[in-house]
Amino acid sequence: MARLATFAICVWIVIGDISEGSSNFLTGANDIIAVVDEDGDIKASPFNVQFGKKDIWLPRSGHVVSLEVNEKDVPVGMVLDNEGQAYFPTLKSDGSSNRQYRFWSALLGMGNPSPKHRTNSATSSQLSRFGLQMGPNPILYRVTTSSGSIVTTSAVIHLMNNTAKLVVSDIDGTVTRSNIRGMILPALGLSDWKHKGVVELYRKIANQGYQIVYLTNRAIGQSDMTREYIYSLAEAPYKMPRGPVLLQIDSLLGALQTEVIVGQPEVNKIAALNRVKGLFPENPFFSGFGNKAWDILAYKALNIDPDMIFSVGEDSILISEGTRIFTNYTDLMERVSIMYPLLNV
């Protein structure tokens, strides 16, 4: 009954999305890739954060977002716009925000600053105040509404060296065995709907020193559910390696439409991966796994070696884009030390 209730809620969310024309019903946040150079300067991918109507029913523009990194408050704040998207104001040089929430301005749609006065990218100066440590750094976004309620959402800042090598993996149809069922079945608790061997392979690749990045066209409002699903996967004694989870900044319906109906998610994926690529002095992408032509398109656009791009079928058969040779997870696991040489990390 609990699983049926969860499924009913998912259906209700989608129906609500359609009927209200809402693009931001749910709350969620993308993980962040932060890169430190030899001089200690840090650059990071965008801070994509959304507070949905489900959690803040008041007009959202002007609400201040407080940040907590590694369970410590940081002197850097964000602000919500009319759509519940968080941004860093660019008017103050110290990275802080003294904005106050004004109900009528928000209600009348007058609370948004001009594009030149907002950004979702933190400066190196702001990032230096986060107290980041190498590896995963939990970040909590907190909003106190004008009614006094507190709403939070969380993500992870993954700090790595600028020499890191990344392996990109799609989720639905690549980790899971189907795009649509891969989106819906985890909500019903069917977390074993995955390719056999994918957990062991990814863990062994990570053990060679490579950072797995999970890239999906699921909506950002599904971030918590998606992370929980990925990290719940196990093939004894192996567990899925931790890594940045990057989702689409769109509604649940919009994400489903982009992935399944419109069929052009490579545009979003290329844009997201290019932002990550720009953080590094050299191309960090070493390999990619996907199940659709648009995944392969995105990886090729990032200049990943075609021999290291793998298309995954529902039968768990993999095809190398470069060699066109058929393989499987077991074969790759046996050759992982050759195909993914050990890195000095």
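First things first, this report covers the structure right here in the doc. Residues take numbers from 1 onward in each chain, read along the sequence in its written order. For a predicted model such as this one, the threshold for reporting local features is a pLDDT of at least 70, and the threshold for listing and counting side-chain atom pairs is 80 or more; totals across whole chains, interfaces and linings nevertheless cover every residue. With hydrogens and water stripped out, all remaining heavy atoms of the structure feed into the side-chain values.

**Observations concerning the packing of aromatic side chains**
For step 1, the next point in the chain: Aromatic pairs are defined between Phe, Tyr and Trp rings, using the six-membered ring for Trp, whenever the two ring centres lie within 6.5 Å; interplanar angles under 30 degrees are classed as stacked, those over 60 as edge-to-face, and all others as tilted. Taken as a whole and assessed by the stated rule, the structure comprises seven aromatic pairs.
For step 2, the next point in the chain: A centroid spacing of 5.4 Å and a plane angle of 55° characterise the contact between Tyr-202 and Phe-289, whose relative ring orientation is tilted. In this pair, Tyr-202 sits in helix 5 (residues 198-207) while Phe-289 sits in strand 16 (residues 285-290), placing the two residues 87 residues apart along the sequence.
For step 3, the next point in the chain: Any residue under 20% of the maximum accessible area for its type is buried, any over 50% is exposed, and the rest in between are partly exposed; the area is computed with a 1.4 Å probe on protein chains only. Given a relative accessible area of 1%, Tyr-202 falls into the buried group.
For step 4, the next point in the chain: The class of Phe-289 is buried, set by a relative accessible area of 0%.
For step 5, the next point in the chain: Where Tyr-210 meets Phe-286, the ring centres are 5.0 Å apart and the plane angle is 40°; that geometry is what we call tilted. One end of the pair, Tyr-210, is in the loop between helix 5 and strand 12 (211-219); the other, Phe-286, is in strand 16, and 76 residues separate them in sequence. Secondary structure elements are defined from DSSP: runs of H or I of at least 4 residues count as helices, runs of E of at least 2 residues count as strands, and each element is numbered from the N terminus.

**Some details on the environment of Val-213**
For step 1, the next point in the chain: Tracing the chain through its elements places Val-213 in strand 12.
For step 2, the next point in the chain: The exposure class assigned to Val-213 is buried, which follows from its relative accessible area of 1%.
For step 3, the next point in the chain: Separated by 180 residues in sequence, Val-213 and Ile-33 place their C-alpha atoms 9.3 Å apart.
For step 4, the next point in the chain: Every residue in contact with Val-213, bar those within four places of it in the chain, is listed here: Ile-33, Leu-166, Val-167, Val-168, Ser-169, Pro-244 and Leu-246. Any two residues whose heavy atoms approach within 4.5 Å are treated as being in contact.

**Details of the nonpolar core**
For step 1, the next point in the chain: Note on terminology: a nonpolar core comprises buried Ala, Val, Leu, Ile, Met, Phe, Trp, Tyr and Cys residues joined through side-chain atoms within 4.5 Å. Core analysis: the biggest nonpolar cluster contains 31 residues, and Phe-47, Phe-51, Val-65, Leu-67, Phe-130, Tyr-141 and Ile-157 have the highest contact counts within it.
For step 2, the next point in the chain: Among the secondary structure elements, those contributing two or more residues to this core are strand 2 (32-36), strand 3 (42-44), strand 5 (64-69), strand 6 (72-80), strand 7 (86-89), strand 9 (135-144) and strand 10 (150-161).
For step 3, the next point in the chain: Once residues lying within four places of it in the same chain are set aside, the contact partners of Leu-67 are Lys-72, Asp-73, Val-74, Val-76, Met-78, Phe-88, Phe-130, Leu-140 and Tyr-141.
For step 4, the next point in the chain: If you look at the next biggest cluster of nonpolar residues, it comprises 29 residues, including Ile-171, Tyr-229, Leu-318 and Tyr-340.

**Section: helix 5**
For step 1, the next point in the chain: Those residues of helix 5 that sit buried are Val-198, Val-199, Leu-201, Tyr-202, Ile-205 and Ala-206. With its buried residues spanning 165° around the axis, helix 5 presents them on a single face.
For step 2, the next point in the chain: Positive phi appears at Gly-209, one or two residues downstream of helix 5, with a value of about 105°. Working note: the arc is built from the helix axis to C-beta atom directions.

**Here we look at the sheet that holds strand 9**
The strands making up a sheet associate through hydrogen bonds between their backbones, and the pairing can be parallel or antiparallel.
For step 1, the next point in the chain: Strand order in the open sheet formed by eight strands is 3-2-10-9-5-6-7-8, with mixed pairing between adjacent strands. Single-partner strands in this sheet number two, and they are strand 3 and strand 8 (118-119).
For step 2, the next point in the chain: In this scheme, strands are said to pair when DSSP sees at least two bridges between them. Across two bridges, the pairing between strand 7 and strand 8 is antiparallel. Opposite Phe-88, over in strand 8, you have Thr-119 as the bridge partner.

**Looking at the pairing of strand 6**
For step 1, the next point in the chain: Across five bridges, the pairing between strand 5 and strand 6 is antiparallel. Paired with Val-65 across the bridge in strand 6 is Met-78.
For step 2, the next point in the chain: Judged from the two bridges that link them, strand 6 and strand 7 form a sheet pairing that is antiparallel. Bridging across to strand 7, Val-79 finds its partner in Tyr-87.
For step 3, the next point in the chain: Counting the residues in the hairpin turn of strand 6 and strand 7 gives five residues, including Gly-84, whose phi is positive at 80°.

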